[in-house]
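Architecture and fold: a report
Here is what each chain is made of, one letter per residue.
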Amino acid sequence: MAVIGWIGLGHMGGPMAAHLVEAGHEVVGFDVDAGMAERAAVTGVRVVTDAATAARDADAVFTSLPRSEHSRDVLIGGAGGRVGLFDVVRRDALVLDTSTVDVATSRACHDAAEARGIRFVDAPVSGGIAGAHAGSLTFMLGGEESATGEAAGLVGPMAGHVFVVGGPTAGIAAKLANNLMLFITLQASSEGARLAEALGLDPTIFHDIATVSSGDSWPLRTWYPVPGVVPTSPANRNFEATFTTRLAEKDLSYALEAGEAAGLDLAAGRLAMERFTQLIDEGYGDLDCSLVVKYVGRDGRTPGFEPEA
């Protein structure tokens, strides 16, 4: 069994680290949020007071961080001479970033790791908080062949599916393209659900039809935006977040940026971004991204959502 350093014990990182503890690894973790760190400690993670301590003696180090700038700062180092983990970890350690970042950040991390003789894998995940708790995440691994091969075995306790996608940045490229599709199909399931309702269809019957027909999608089956149809739908809980609008906007911005760099016209993605931006502007950034369904109705209302007074 390995000694694993874990940086970022939030809603995703915490349960992911817990699965590695269950698998018999010693996990040494750190999070800037003391409450998240305390939750992780209950699951068996040995919590320490800084990232360097968590990483210094580890066989492998995982990071699970909110945004690109956090990955750069933690791994490479920041302004004012802040030391990054690439300058702390052992030379034989394996470093995996499970965060969703932009392609340029992933490339910078690979380059910085290579310059220091550190093995690095971009290892983003799909499956959300529910998948993190269930140990059923999809891992997309990018990096040198020897590093991704070792990483594929290490992530097993957290994963339902593991894909070695290709060389450096291939994992994050797959994640961004996948999330672009996710947020576009979220718009489709929102519009289809509200149209079915407007035409007088029973929402459960229509949902069952769509999931075995050409309208099927992951958002349809998991986030169906009508209360009482799908147990995992945020619509059952006033759109309490399973995947916040802020995170969706962040991920989609990285995908659109990559598309712009590639000379592509991602028109449907831009529409999805407009809706996420509107939710954030209205103060709903911390609610679930599936609340975009409220814009299908011209009155801005949708079943299952009551704004707080």
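Residues numbered from 1 in each chain as written. Predicted model: local features only at pLDDT ≥ 70, side-chain atom pairs only at ≥ 80, totals over all residues. Heavy atoms only, no water.

**Let's talk about the side chain of Ser-71**
- Position of Ser-71 relative to the elements: it lies in helix H4 (residues 68–76).
- Residue Ser-71 is classed as buried on the basis of its relative accessible area, which comes to 0%.
- Excluding residues that lie within four positions of it along the chain, Ser-71 makes contacts with Leu-65, Ile-76, Asp-97, Ser-99, Val-101, Thr-105 and Cys-109. (Helix = DSSP H or I, 4+ residues; strand = E, 2+ residues; numbered from the N terminus. Buried < 20%, exposed > 50% of the residue type's maximum accessible area, 1.4 Å probe, protein only. Contact = heavy atoms within 4.5 Å.)

**Concerning the layout of surface pockets**
- A volume near 180 Å³ is recorded for the second largest pocket.
- Along the wall of the second largest pocket there are 13 residues; nearest its centre are His-110, Glu-114, Ile-118, Phe-120 and Glu-144.
- Secondary-structure elements contributing two or more residues to the lining of the second largest pocket are helix H5 (103–115), strand S6 (119–122) and helix H7 (145–154).
- Ranked by residues supplied to the lining of the second largest pocket, first place goes to H5 with five residues.
- Looking at the lining of the second largest pocket residue by residue, the class counts come to five nonpolar, three polar and five charged. (1 Å grid on protein atoms, 1.4 Å probe; cavity = no way out; pocket = protein on both sides within 12 Å on 5 of 7 lines; lining within 4 Å. Points joined across faces, edges and corners; volume = space filled by probe spheres on them. Nonpolar A, V, L, I, M, F, W, Y, C, P; charged D, E, K, R; others polar.)

**Here we look at helix H11 (residues 245–261)**
- Over its 17 residues, H11 extends 24 Å from the first C-alpha to the last, a length consistent with the 24 Å expected when each residue adds 1.5 Å.
- Buried residues of H11: Thr-245, Ala-248, Lys-250, Asp-251, Leu-252, Tyr-254, Ala-255, Leu-256 and Gly-259, and no others.
- Contacts made by the buried residues of H11 are with H4, helix H8 (170–198) and helix H12 (267–281).
- Backbone geometry just after H11 places Gly-263 at a positive phi near 75°. (Expected span 1.5 Å × (residues − 1).)

**Brief notes about the pattern of salt bridges**
- A complete count under the given rule lists 14 salt bridges for this structure.
- Here Arg-119 ties to Glu-150 by a salt bridge, and the two come within 2.5 Å at their closest N and O atoms. With Arg-119 in strand S6 and Glu-150 in helix H7, this pair connects stretches of sequence that are 31 residues apart.
- Classification of Arg-119 by relative accessible area gives partly exposed; the value is 25%.
- Its relative accessible area of 37% is what places Glu-150 among the partly exposed residues.
- Note that Asp-286 and Arg-246 form a salt bridge whose closest N and O atoms lie 3.1 Å from each other. Of the two residues, Asp-286 sits in the segment after H12 while Arg-246 sits in helix H11, which places them 40 residues apart along the sequence. (Salt bridge = Lys/Arg side-chain N within 4 Å of Asp/Glu carboxyl O.)

**Some thoughts on the packing of aromatic side chains**
- Counting across every chain of the model gives eight aromatic pairs.
- Ring centres of Trp-6 and Phe-62 lie 4.7 Å apart, and the angle between their planes is 15°; on these two criteria the pair is classed as stacked. One end of the pair, Trp-6, is in strand S1 (residues 3–7); the other, Phe-62, is in strand S4 (residues 60–63), and 56 residues separate them in sequence.
- For Phe-62, a relative accessible area of 0% corresponds to the buried category.
- With 5.0 Å between their ring centres and 80° between their planes, Trp-218 and Trp-223 make a pair best called edge-to-face.
- Residue class for Trp-218 comes out partly exposed when judged on its relative accessible area of 36%.
- Owing to a relative accessible area of 4%, Trp-223 belongs among the buried residues under this scheme.
- Three or more aromatic residues link up through ring pairs in this structure, and these residues are Phe-183, Trp-218, Trp-223, Phe-243 and Phe-276. (Phe/Tyr/Trp six-rings, centres within 6.5 Å; stacked < 30°, edge-to-face > 60°.)

**A look at the domain arrangement of the protein**
- Under the domain assignment, the protein is made up of domain 1 (3–167) and domain 2 (174–295).
- If you average the C-alpha positions of domain 1 and of domain 2, the two centres end up 28 Å apart.
- Contacts between domain 1 and domain 2 engage 14 residues on the former and eleven residues on the latter.
- Between domain 1 and domain 2, the buried area comes to about 1,000 Å², and carbon and sulfur atoms account for 60% of it.
- At the junction of domain 1 and domain 2, the tally comes to zero salt bridges.
- For the pair domain 1 and domain 2, the interface holds five residue pairs in polar contact (both at pLDDT 80 or more).
- When contributions to the side of domain 1 that touches domain 2 are tallied by element, the ones reaching two or more residues are H4 and strand S7 (125–126).
- Considering only residue class, the side of domain 1 that touches domain 2 consists of eight nonpolar, three polar and three charged. (Domains from an automatic or database assignment. Buried area = accessible area lost by both parts, 1.4 Å probe. Polar contact = N/O pair within 3.5 Å; in protein donor to acceptor, adjacent residues only side chain to side chain.)

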